[in-house]
Amino acid sequence: MESKSLGRAVLYGVIAIFLLAIVSSLIFSLLLKFTSVQESSLQYVMTSISFLSIFIGGFITGGNGKEKGWMIGGATGLVYSLIIFLFQYLGYDSLFSVEQIIYHICYILTAMMGGILGVNIVGGPSKA
């Protein structure tokens, strides 16, 4: 696989992750604003949605990359974590906590799983 298609596949996956994050953030903010739902009651739902978004981003990456799903899925999770780290460090002048590091390791592993499934379900090489 050439690096240009690898980069394009990872870019599609990261864009998908951020689009899903934006849509879910909008939905949750509207729920919090216009209902009596408290933020603490949505904590596990928001965590689940974030893992699902990462998985879908890895899946899209794997489908577009067509091979080495673990590698390009992992790259997608790594790029996502790096962007979040840079945003947090440059914008808020703070490093990841131990809890955040564990979350981001799990995000990378989840994106790897999505990449593997994306290659095998959508984009695997044909056996003709």
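Small disclaimer: the values here were computed from a predicted structure and weren't measured.

Q: Looking at this model, I keep getting lost on the environment of serine 81. Mind explaining?
A: Counting through the fold element by element, serine 81 comes out in helix H3 (residues 69-92). We classify serine 81 as buried; its relative accessible area is 7%. Residues contacting serine 81, with those up to four places away along its chain left out, are Phe96, His104 and Ile108.

Q: Whenever I open this one, helix H1 (residues 3-34) confuses me. Can you help?
A: For an α-helix, 3.6 residues make a turn, and residues three or four places apart therefore share a direction. Between its terminal C-alpha atoms H1 stretches 46 Å, which fits the 46 Å expected from 32 residues at 1.5 Å a residue. For H1, the complete set of buried residues consists of Ala9, Val10, Gly13, Val14, Ala16, Ile17, Ser24 and Phe28. Looking at the buried positions of H1, the neighbouring elements they touch are helix H2 (43-65) and H3.

Q: So what exactly am I meant to see when it comes to the environment of alanine 75 here?
A: Counting through the fold element by element, alanine 75 comes out in helix H3. Relative accessible area serves as the criterion here: at 25%, alanine 75 is assigned to the partly exposed category. The spatial distance from the C-alpha of alanine 75 to the C-alpha of glycine 58 is 8.9 Å, given a sequence separation of 17 residues.

Q: When you look at the confidence of the model for the protein in this model, what are you seeing that I'm missing?
A: Atom-level detail of predicted coordinates should not be read off regions where pLDDT is low. Summarising the model, the protein shows a mean pLDDT of 89, and 95% of its residues fall at 70 or more. Mean pLDDT per element in the protein: H3 is the minimum at 91, and H2 is the maximum at 93.

Q: For this particular structure, what's the right way to read the layout of surface pockets?
A: One water molecule sets the probe size; rolling that probe over the atoms shows where empty space is left. Taken as a whole, the largest pocket spans an internal volume of roughly 510 Å³. What lines the largest pocket is a set of 19 residues, and nearest its centre among them are Met46, Thr47, Ser50, Tyr80 and Tyr107. For the lining of the largest pocket, the secondary structure elements donating two or more residues are H1, H2, H3 and helix H4 (98-123). The biggest single contributor to the lining of the largest pocket is H2, with seven residues. A breakdown of the residues in the lining of the largest pocket according to their chemical character gives 10 nonpolar, nine polar and no charged. Each of domain 1 (1-36) and domain 2 (40-123) gives at least three residues to the lining of the largest pocket.

Q: Would you take a moment to explain the side chain of threonine 61 for this structure?
A: Structurally, the position occupied by threonine 61 is in helix H2. For threonine 61, a relative accessible area of 0% gives the class buried. A polar contact of 3.2 Å, which involves the side chain of threonine 61, links it to the backbone oxygen of alanine 9. Apart from residues no more than four positions distant in its own chain, threonine 61 is found in contact with Ala9, Val10, Gly13, Ile72, Gly73 and Thr76.

Cut-offs and rules
Residues numbered from 1 in each chain as written. Predicted model: local features only at pLDDT ≥ 70, side-chain atom pairs only at ≥ 80, totals over all residues. Heavy atoms only, no water. Helix = DSSP H or I, 4+ residues; strand = E, 2+ residues; numbered from the N terminus. Buried < 20%, exposed > 50% of the residue type's maximum accessible area, 1.4 Å probe, protein only. Contact = heavy atoms within 4.5 Å. Expected span 1.5 Å × (residues − 1). pLDDT = per-residue confidence, 0-100. 1 Å grid on protein atoms, 1.4 Å probe; cavity = no way out; pocket = protein on both sides within 12 Å on 5 of 7 lines; lining within 4 Å. Points joined across faces, edges and corners; volume = space filled by probe spheres on them. Nonpolar A, V, L, I, M, F, W, Y, C, P; charged D, E, K, R; others polar. Domains from an automatic or database assignment. Polar contact = N/O pair within 3.5 Å; in protein donor to acceptor, adjacent residues only side chain to side chain.

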